[in-house]
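Geometric and topological summary
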Amino acid sequence: MADVSIKSGDYTALDFTVLKNGVEFDVSGFLILFTAKKSFVGAVSLNPNEDNLAVLTKNSDSAQSIERLGGAKVRVHIYPSDFAKILDGSYDYDLQISQVSNPENTITTVISGSLSVTKEITRRAGAL
């Protein structure tokens, strides 16, 4: 589990290394998905888990969303415009991989954690 803290409205690059059984796992031929949702409370089965309720979704098929850095390393790009649906607070996130040829039957969660979003102080785009 990897906990991450970011500032609302700031560009952020989240770098991850995918491990399988403690060894770096090459994700070159895999679809990579990143999803953040409001933190779950209580029984998992009682929480809506549809991705349309996510505050942030990224995938490696979209330009400038998830970048493959080679081998097991990936970078998730979060842009200021991504914060339109994200309020300050705590969210659960995960990074999943799946085979491109069979994405629905090969999904594996490789990293998950808590994403903490705090407010930014400066909101101007230049000198006063």
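Description of the structure in this document.

Calculation notes
- Residues numbered from 1 in each chain as written.
- Predicted model: local features only at pLDDT ≥ 70, side-chain atom pairs only at ≥ 80, totals over all residues.
- Heavy atoms only, no water.
- Pairing = 2+ DSSP bridges.
- Helix = DSSP H or I, 4+ residues; strand = E, 2+ residues; numbered from the N terminus.
- Axes fitted to C-alpha atoms, helices over the stretch in contact; angles between N-to-C directions.
- 1 Å grid on protein atoms, 1.4 Å probe; cavity = no way out; pocket = protein on both sides within 12 Å on 5 of 7 lines; lining within 4 Å.
- Points joined across faces, edges and corners; volume = space filled by probe spheres on them.
- Phe/Tyr/Trp six-rings, centres within 6.5 Å; stacked < 30°, edge-to-face > 60°.
- Lys NZ or Arg CZ within 6 Å of the ring centre and 35° of its normal.

Here we come to the sheet that holds strand β10 (residues 108–118). Read from one edge of the open sheet, five strands run β1-β10-β9-β5-β6, paired in mixed fashion. The open sheet terminates on both sides in strands that have one partner only, identified here as β1 (4–7) and β6 (56–59). For this sheet, the mean angle separating the axes of adjacent strands, direction not counted, is 25 degrees. Bridge analysis of strand β5 (residues 30–38) against β6 gives four bridges, and the strand direction is antiparallel. Counted as the bridge partner of Thr35 is Thr57 from β6.

The next point concerns the layout of surface pockets. The calculated volume of the largest pocket comes to roughly 270 Å³. Taken together, 14 residues form the lining of the largest pocket, with Thr35, Lys37, Asp51, Asp94 and Gln96 sitting closest to its centre. Counting only elements with at least two residues in the lining of the largest pocket, the list comes to β5, β6 and β9 (89–99). Reported here for the second largest pocket is a volume of approximately 160 Å³. Taken together, Val18, Leu19, Lys20, Phe25, Phe30, Ile97, Gln99, Thr106, Thr108, Thr109 and Val110 form the lining of the second largest pocket. Of all elements in the fold, only β3 (19–20), β9 and β10 reach the threshold of two or more residues within the lining of the second largest pocket.

Taken as a whole, this structure holds five aromatic pairs when the rule is applied. Their ring planes at 35 degrees and their centres at 6.4 Å tell us that Phe16 and Phe34 sit as a pair that is tilted. With Phe16 in strand β2 (residues 12–17) and Phe34 in strand β5, this pair connects stretches of sequence that are 18 residues apart. Members of the aromatic cluster, joined through ring pairs, are Phe16, Phe34 and Tyr93. The cationic tip of Lys38 hangs over the ring face of Tyr91; the distance from NZ or CZ to the ring centre is 5.0 Å.

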